[in-house]
Amino acid sequence: MKFDQAFMIGTCKVIPIEYAIKFEDHSKQSIQPKFIEVLCYLAKHFPRVIPREELIENVWAGNSYVGEKALTNAIWHLRQSLKGSNNEDETIETIRKVGYRLLVAPQYIDNNADDNAPVSSQDNYLSTLTQPKSLVFACVVFLVLGLMFSLFKTPQNFDQAVIKQITKSPGSELFPSPSPDGTQVVFKWLTDKHNSNLYIKDRNNPQLTPKQLTFGNAYVGHSVWSNDGQYLYFSRKDKNNDSCQVIQLKVLTQQEKPIVDCPTKGGYYYLDISPDDNTLAFHGYREPADESGIYFIDLTNNESQPVRFSCSNNCDYKERDFAFSPDGKSIAVTRRINRFNENIYLVNLATKEAEQLTKGEEDIVGLTWHPDGEKLVFGAQRADIRRGYVLDINSKAISNFQFEGFSYPAFARKSKELFYQQRYEKYYLASLPLGNNVASSPFPIIESEFSHLDPHYSTKQDRIAYASNESGFYELWISDTQGLNRQQLTFLKQTIRYPRWSHSGDKIAFLGPVESDKADKIYIYDLTTNTLSIVPSMHQIHNRPTWSWDDNAIISAVYEKEYVDLHYINIVTGESTRLSNDGSRFGIMTSPTTLLYTGERKGLWQLELAFENQKLFNNYANNQPLNKVSGKIFKTTYTWDHTEQGVYFHQKYDKHHQISFYNYAEQQSTPILRLPRSTLRTSTTLSKIAKNNELLFSRAYSPQADIKSLSHPLL
């Protein structure tokens with residue numbers, strides 16, 4: 001946001017281009033740029049009351065974590081600087097629980113005016129008296145017309161938004177699916193005590209508890225109603241039988257009918273139905289496609305087979321969520337380029353021509369069409385903060401709902417009510433004491449109002465590297481083992497992931513996006529020079545980085561069209577050597593030549609690398625890996641850490657998560673800690689702090705997600 005024109009506030013001259021205020025005695029005071037932006041915004045919209053959320057959105061780009069405290073600080077400093085202007089004690093008024101407004105009308109002046117001219121209230125008064133009478137008359141007419149217009153037009157006021165609670169049971173109610181008339185809402189209910197199933201809430205009888213629709217231990221997720229209100233469609237994955245089916249449920253009788261098979265891999269089974277109820281779109285997979293994608297099936301023909309709609313082979317993206325337009329002529333889809341890039345596209349169903357609607361989004365968490373067909377409502381998650389947005393299809397303008405937690409919206413097509421899932425995610429760093437005779441639970445190391453992820457400990461530095469969204473973005477931070485003496489190292493204003501210390505302790509590697517949008521890169525922060533560099537890798541998409549034994553290379557899985565496997569990437573030249581051919585995803589060097597890794601195959605695997613004159617010439621085709629730990633007990637991909645004696649690793653069960661230790665010599669696994677399944681971030685790193693004999697990892701607060709409805713001026 002940029003304001004250039006100077007203006008008067010009483011006896012003070014505000015000079016935005018200099019970030020300064022000039023006083024009556026010609027003295028100047030420098031003001032922080034953000035403080036000037038706040039003042040300019042209040043002046044531009046005088047005399048309207050500006051909500052706090054609007055100021056944060058426009059001055060701090062919607063970063064409420066930073067903006068809340070910074071705005072309060074800015075208002076205090078501005079009041080001190082402007083105190084006494086126009087003989088008023090206060091020039092900025094606080095409207096309790098709403099926002100702020102200027103009490104003194106700003107008078108804009110020419111930036112080229114003599115800056116040494118006297119600044120006084122008398123001069124301003126005399127200049128007003130010498131204005132032509134016609135100008136005074138015009139001003140009076142303008143004010144009268146403005147007053148009349150305001151009587152007939154109510155300005156858009158976000159305070160008019162109305163949020164209603166639909167569900168409030170313990171645990172998480174997810175993925176709302178309202179009936180066309182909005183009288184019933186189906187959702188997935190998930191708690192730590194039972195498996196997820198679908199439930200239906202009768203809004204005409206709010207005193208009744210939700211009725212269970214599905215039963216058993218199979219996984220269910222998203223659901224969608226037919227437009228006539230008779231049927232509900234959802235996917236059911238039964239891992240015990242290695243099967244997945246899309247089910248048609250007749251709501252009145254609860255009779256089920258399998259429609260089509262769906263992929264057994266993955267966890268988000270998106271689906272939608274066309275406005276005429278003839279076509280069901282679902283997330284599926286059929287050979288010879290490279291990846292899962294969108295398929296259409298004709299519901300009017302029992303013999304019909306799924307037809308692939310998404311790109312099938314050699315695609316630069318993966319399509320995930322989708323929604324048919326109300327007129328049935330197009331479909332809005334989300335396309336994920338990599339873990340840092342997912343955006344919404346509008347695809348013509350007849351021609352498959354696609355138009356990009358959003359840019360710069362990291363993770364789309366649900367989208368739905370407004371019944372008028374002119375707007376899309378979607379949720380976007382940025383640095384684990386969820387917000388809701390309205391996208392005008394014609395102008396491409398995007399507006400913010402101005403509150404957090406919004407995701408997976410869905411309109412009731414006939415009543416035009418909007419429902420959504422309000423969910424907050426927050427993570428903290430925790431340590432688990434090991435070897436105690438007394439049972440112990442994890443202790444918080446870094447716990448605050450922000451989220452902190454992926455800790456990794458350096459023995460050489462005796463410090464922890466981690467990612468934190470304290471600045472509004474996940475940036476690279478370090479601290480001591482007590483969580484004190486914290487320091488932010490990067491200021492990229494973008495999400496970074498998976499920091500990893502070098503063995504020497506003088507560098508930290510991490511994964512981050514690049515400007516091309518279609519790639520991510522391995523970044524290296526050098527603590528000896530405080531500089532940041534990018535590994536010149538030839539690959540476009542990488543996975544979690546670790547270091548070679550000599551710190552001259554990065555070990556990272558790379559994603560190519562033909563395969564995904566670990567590579568050895570020189571940090572100076574970018575020269576890349578493939579290490580395996582079995583779908584490996586994450587590896588740690590445990591000696592100058594030994595690599596432990598995990599991947600598509602369950603279990604922990606060991607591979608011996610061959611070097612000559614410090615150059616790797618590993619022949620993965622003839623070098624067979626050794627199964628270090630059986631896949632029957634070791635199934636995690638990323639949540640493990642190696643020691644000389646054994647490996648700490650994560651185990652997932654239906655009703656809990658467990659951290660265990662596998663002893664190499666004894667070839668035996670011992671449980672160490674059992675946690676509720678929602679309180680451990682299952683993709684977290686594990687990092688052993690040997691000197692304290694403790695294990696470091698990311699924990700999650702028990703999530704609470706509720707279904708709500710929203711009436712909003714933007715809708």
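Conventions we followed
- Residues numbered from 1 in each chain as written.
- Predicted model: local features only at pLDDT ≥ 70, side-chain atom pairs only at ≥ 80, totals over all residues.
- Heavy atoms only, no water.
- Helix = DSSP H or I, 4+ residues; strand = E, 2+ residues; numbered from the N terminus.
- Rg over C-alpha atoms; globule rule 2.2 N^0.38 Å.
- Buried < 20%, exposed > 50% of the residue type's maximum accessible area, 1.4 Å probe, protein only.
- Contact = heavy atoms within 4.5 Å.
- Areas by Shrake-Rupley, 256 points an atom, 1.4 Å probe, with all protein chains shown as cover.
- Expected span 1.5 Å × (residues − 1).
- Polar contact = N/O pair within 3.5 Å; in protein donor to acceptor, adjacent residues only side chain to side chain.
- Pairing = 2+ DSSP bridges.
- Axes fitted to C-alpha atoms, helices over the stretch in contact; angles between N-to-C directions.
- Disulfide = S-S within 2.5 Å.
- pLDDT = per-residue confidence, 0-100.
- Parallel < 35°, antiparallel > 145°, perpendicular 65-115°, else oblique.
- Left-handed = near helix turned anticlockwise from the far one by under 90°.
- Nonpolar A, V, L, I, M, F, W, Y, C, P; charged D, E, K, R; others polar.

**Student:** Just to check I follow, could you spell out the overall build of the protein chain for this structure?
**Tutor:** The helix and strand tally for the protein chain stands at 5 helices and 58 strands. Computed over its C-alpha atoms, the radius of gyration of the protein chain comes to 29 Å, within 12% of the 27 Å expected for a compact globule of 715 residues. Dimensions along the principal axes, computed over C-alpha positions, put the protein chain at roughly 95 × 65 × 55 Å. In the protein chain, buried positions account for 52% of the 715 residues. Relative to all contacts within the protein chain whose residues are 6 or more apart in sequence, the contacts with residues 24 or more apart total 45%. Just so you have it, the protein chain exposes about 33,700 Å², and 49% of that area is on carbon and sulfur atoms.

**Student:** How should I be thinking about helix α1 (residues 33-44) in this particular structure?
**Tutor:** Given 3.6 residues to a turn, an α-helix orients residues that are three or four positions apart in the same direction. Given a rise of 1.5 Å per residue, 12 residues ought to cover 16 Å, and the 16 Å separating the end C-alpha atoms of α1 matches this to within 8%. Among the 12 residues in α1, 9 count as buried, and that is most of the element. Turning to α1, its buried residues are Phe35, Ile36, Glu37, Val38, Leu39, Cys40, Tyr41, Leu42 and Ala43.

**Student:** Which parts of the structure should I look at to understand the side chain of Arg585?
**Tutor:** Assignment of secondary structure puts Arg585 in strand β46 (residues 584-589). Taking relative accessible area as the criterion, Arg585 reaches 15% and is therefore assigned buried. Within the structure, the side chain of Arg585 is placed 2.8 Å from the backbone oxygen of Gly583, a separation counted as a polar contact. Among all residues touching Arg585, those that are not within four sequence positions of it are Asn543, Ala557, Tyr559, Val564, Leu566, Thr598, Gly599, Glu600, Thr637 and Tyr638.

**Student:** Explain the sheet that holds strand β24 (residues 341-348) here, please?
**Tutor:** Across a sheet, strands are paired by hydrogen bonds formed along the backbone, either parallel or antiparallel in direction. If you walk across this open sheet you meet the 4 strands as β22-β23-β24-β25, and the pairing is antiparallel. Where the open sheet ends on each side, the last strands, each with one partner, are β22 (318-324) and β25 (354-356). When strand polarity is set aside, the average angle formed by the axes of neighbouring strands in this sheet is 30°. As defined by bridge partners, β22 adjoins strand β23 (residues 330-338) across 5 bridges and the pair is classed as antiparallel. Bridge assignment links Glu319 to a residue of β23, and that residue is Arg335.

**Student:** Help me understand the state of the cysteines in this model?
**Tutor:** Under the criterion given, the structure shown has 2 disulfides. Shown here is the disulfide that connects Cys244 with Cys262, its sulfur atoms set 1.9 Å apart. Classification of the bridge connecting Cys244 and Cys262 rests on its S-S torsion, roughly -85°, and on that basis the disulfide is left-handed. One end of the pair, Cys244, is in strand β16 (residues 243-250); the other, Cys262, is in the loop between β17 (255-261) and β18 (271-273), and 18 residues separate them in sequence. Each member of the pair, Cys244 together with Cys262, is buried. Counting only the cysteines that take part in disulfides, in the order they occur along the protein chain, gives the pairing 1-2, 3-4. Cys12 takes part in no disulfide bond, and the closest cysteine sulfur, belonging to Cys40, lies 14 Å away.

**Student:** Where do I start with helix α2 (residues 52-59) in this structure?
**Tutor:** Looking only at α2, the buried set comprises Arg52, Glu54, Leu55, Ile56 and Val59. Immediately beyond the C-terminal end of α2, within one or two residues, lies Ala61, with a positive phi of roughly 55°.

**Student:** Hey, could you run me through the confidence of the model for the protein chain in this one?
**Tutor:** In regions of low pLDDT, the predicted coordinates are not meant to be interpreted in detail. In the predicted model, the protein chain carries a mean pLDDT of 87, and 90% of its residues have values of at least 70. Low pLDDT, under 50, characterises residues 116-158; the stretch is placed with 28 contacts to residues that sit more than four places away or in other chains.

**Student:** Would you mind showing me how to read the packing of α1 against α2 here?
**Tutor:** Each pair of packed helices gets described by two things: the angle between the helix axes and the distance between those axes. Relative to each other, α1 and α2 sit at 125°, their axes nearing to 10 Å. Classified by the interaxial angle, the pair formed by α1 and α2 is oblique. Remark: the crossing between α1 and α2 carries right-handed chirality. The residues of α2 that touch α1, namely those facing Lys34, Glu37, Val38, Tyr41 and Leu42, are Glu54, Leu55, Asn58 and Val59. For the contact of α1 with α2, the per-class residue count stands at 5 nonpolar, 1 polar and 3 charged.

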